[in-house]
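Chain and residue survey
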Amino acid sequence: MPDAKDATCPAHAPADHPKIPREKVGILLANLGTPDNYGYWAMRRYLNEFLSDQRVIDYPAWKWQPILQLIVLTKRPFTSGAAYKSIWNEAANESPLMTITKDQTHALRTTLTEAYGDRVMVDYCMRYGNPSTRSKVRAMVDAGCTKILFFPLYPHYAGATTATANDQFFRALMKETWQPTARVVDPYFEEPLYIEALAQSVEQAYAKIPERPDILLCSYHGVPERYLMEGDPYHCQCQKTTRLLKERLGWADTEIKTTFQSKFGPEEWLKPYTVEEVARLARDEGKKKIAVCAPAFSADCIETLEEINEEIKESFEHAGGEQFTYVPCLNDNPAHIAALTKVIKDNLGGWLE
Ligand SMILES: C=CC1=C(C)c2cc3[nH]c(cc4nc(cc5[nH]c(cc1n2)c(C)c5CCC(=O)O)C(CCC(=O)O)=C4C)c(C)c3C=C
Ligand SMILES: [Fe+2]
Ligand SMILES: [Fe+2]
């Protein structure tokens, strides 16, 4: 039978002993996932997996599945597919979320290898679609990772994001014969280096535009209001992020505001809705120059590049808005990579000393 002694001294293992690679610590980054392409069937497969997750849409399956299969999945793959097509990275034939996640992984592999050498293995997986969480946990165990730090790349905790990513990680561990020791990373919205990276991204964007915007909207992905009432801390963590950003920038309350986007279905979601708020600001408050940033997204994706920078921008301009500035996500900015590296090192405590 394999044991720890054999693992550290493979030379002494008997010839018929299973091969045991050198022990490593795996750092597995996780993002939401993205379709393999923007055609109908790939979109349908992706949306079906995503929207069947009861952490995302919590209606009982007997009620939701007929609506999903017969109504939502006959129309939405076309509309969402067209939206993905408008932002697709044609050169790499993948969505921007995939390209940016790869870039972040590459940058973090560099900083963490500098710190720990080949005792760490850094990779990424997706909650929905490819590469799957299961396949990457398997590959890490195969490569000798006896410990895995799982890092969902969401600054804020939400059942619909962090918790479901963790669920999938633990499901993958259930299949392992020799299960690695596992940890999951805390939400990092209060990490000073993350707030610093956000502030720098706003300052850099503002430095490039001729006229200072009247207001900055921090537009977070929404969730149904009911989730907040049922105890999900996401809303409060978003509000706190805006406050910390405001304090770091040294701005007045009137210069920055929290809003929520991407409403789905008939229920009330967290408010104010970004798409309505930008129009109201332009029309009723005479705020003709606005900027929008998206602190809940660690990487630019359909929700920022298409929804904010196309749909929400159009709503603002239609209501008389004149200058719309989108502040890109932190992506693989050095300040973001420094923040993520710090969060990882803090969560590795005791594993690599
Ligand atoms: C229908 C319910 C949804 C909830 C609740 C939800 C929460 C949530 N999502 C993110 C981050 C992302 N969502 C993305 C895409 C996306 N989200 C939903 C629905 C819900 N999200 C859908 C249907 C889609 C697909 C696109 C579409 O058809 O409109 C993405 C982008 C993925 C990409 O490939 O670019 C991200 C990232 C958060 C942070 C969140 C709650 C906290
Ligand atoms: Fe979403
Ligand atoms: Fe709150």
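Reading guide: rules and limits
Residues numbered from 1 in each chain as written. Chains lettered and ligands numbered in written order. Predicted model: local features only at pLDDT ≥ 70, side-chain atom pairs only at ≥ 80, totals over all residues. UniProt positions renumbered as here; feature names shortened; annotations may be inferred. Axes fitted to C-alpha atoms, helices over the stretch in contact; angles between N-to-C directions. Helix = DSSP H or I, 4+ residues; strand = E, 2+ residues; numbered from the N terminus. Parallel < 35°, antiparallel > 145°, perpendicular 65-115°, else oblique. Contact = placed C-beta atoms within 7 Å. Nonpolar A, V, L, I, M, F, W, Y, C, P; charged D, E, K, R; others polar. Buried ≥ 20, exposed ≤ 12 C-beta atoms within 10 Å, placed from the backbone. Pairing = 2+ DSSP bridges. Near = placed C-beta within 6 Å. Domains from an automatic or database assignment.

The name given to the protein in an unreviewed UniProt entry is Ferrochelatase, and the organism recorded there is Poseidonocella pacifica. According to its UniProt record, the protein has this under Subcellular location (unreviewed entry): "Cytoplasm". Looking at the Function (unreviewed entry) heading of the UniProt record, one finds this comment for the protein: "Catalyzes the ferrous insertion into protoporphyrin IX."

In this section: the packing of helix α3 (residues 61-87) against helix α11 (residues 302-318). In the contact formed by α3 and α11, the axes pass within 10 Å of each other and the chain directions differ by 90°. It follows that α3 is roughly perpendicular to α11 by the angle criterion. Side by side, α3 and α11 meet where A83, Y84, S86 and I87 of the first sit next to I302, L305, E306 and E310 of the second. Tallied by class, residues from the contact of α3 with α11 come to five nonpolar, one polar and two charged.

Attention now goes to the UniProt feature "binding site: Fe(2+)" (unreviewed entry) in the protein. Taken from the UniProt record, the annotation "binding site: Fe(2+)" (unreviewed entry) applies to H221 and E303. Separation in sequence by 83 residues is not matched in space for these annotated residues, since their most distant C-alpha atoms are only 7.9 Å apart. The topology assignment puts H221 in strand β5 (residues 215-221). If we ignore the near neighbours within four places in the chain, the residues touching H221 are Q261, S262, A296 and E303. Within the secondary structure layout, E303 lies in helix α11. On the basis of neighbour counts, which here come to 19 C-beta atoms within 10 Å, the residue E303 falls in the partly exposed class.

To continue, consider the packing of helix α7 (residues 192-208) against helix α12 (residues 334-347). Helix-helix packing: each pair is described by the crossing angle between the helix axes and the interaxial distance. Where α7 contacts α12, the axes come no closer than 8 Å and their chain directions differ by 170°. Taken together, α7 and α12 sit at an angle that is classed as roughly antiparallel. Facing L193, Y194, E196, A197 and Q200 of α7, the residues of α12 in contact are A335, H336, A338, A339 and K342. A per-class count over the contact of α7 with α12 returns six nonpolar, two polar and two charged.

Strand order in this open sheet of four strands is β6-β5-β7-β8, and the pairing throughout is parallel. The open sheet terminates on both sides in strands that have one partner only, identified here as β6 (256-261) and β8 (323-326). On average, each strand axis in the sheet is inclined to that of its neighbour by 25°, with strand direction left out of account. Pairing between strand β7 (residues 289-293) and β8: four bridges, direction parallel. Within β8, the residue paired with K289 across the bridge is Q323.

Time to look at the site of ligand 1. Lining the immediate surroundings of ligand 1 are 22 residues, of which T34, S80, A158, F264 and C301 lie closest. Of all elements in the fold, only α3, α6 (159-174) and α11 reach the threshold of two or more residues within the shell around ligand 1. Split into classes, the residues belonging to the shell around ligand 1 amount to 14 nonpolar, six polar and two charged. Here the shell around ligand 1 spans two domains, since at least three of its residues come from each of domain 1 (35-87) and domain 2 (192-326).

Here we take up the domain arrangement of the protein. The domain architecture assigned to the protein consists of domain 1 (35-87) and domain 2 (192-326). Spacing between the C-alpha centres of domain 1 and domain 2 amounts to 26 Å. Taken together, the contact pairs four residues of domain 1 with four residues of domain 2. Residue composition of the side of domain 1 that touches domain 2, by class: three nonpolar, one polar and no charged.

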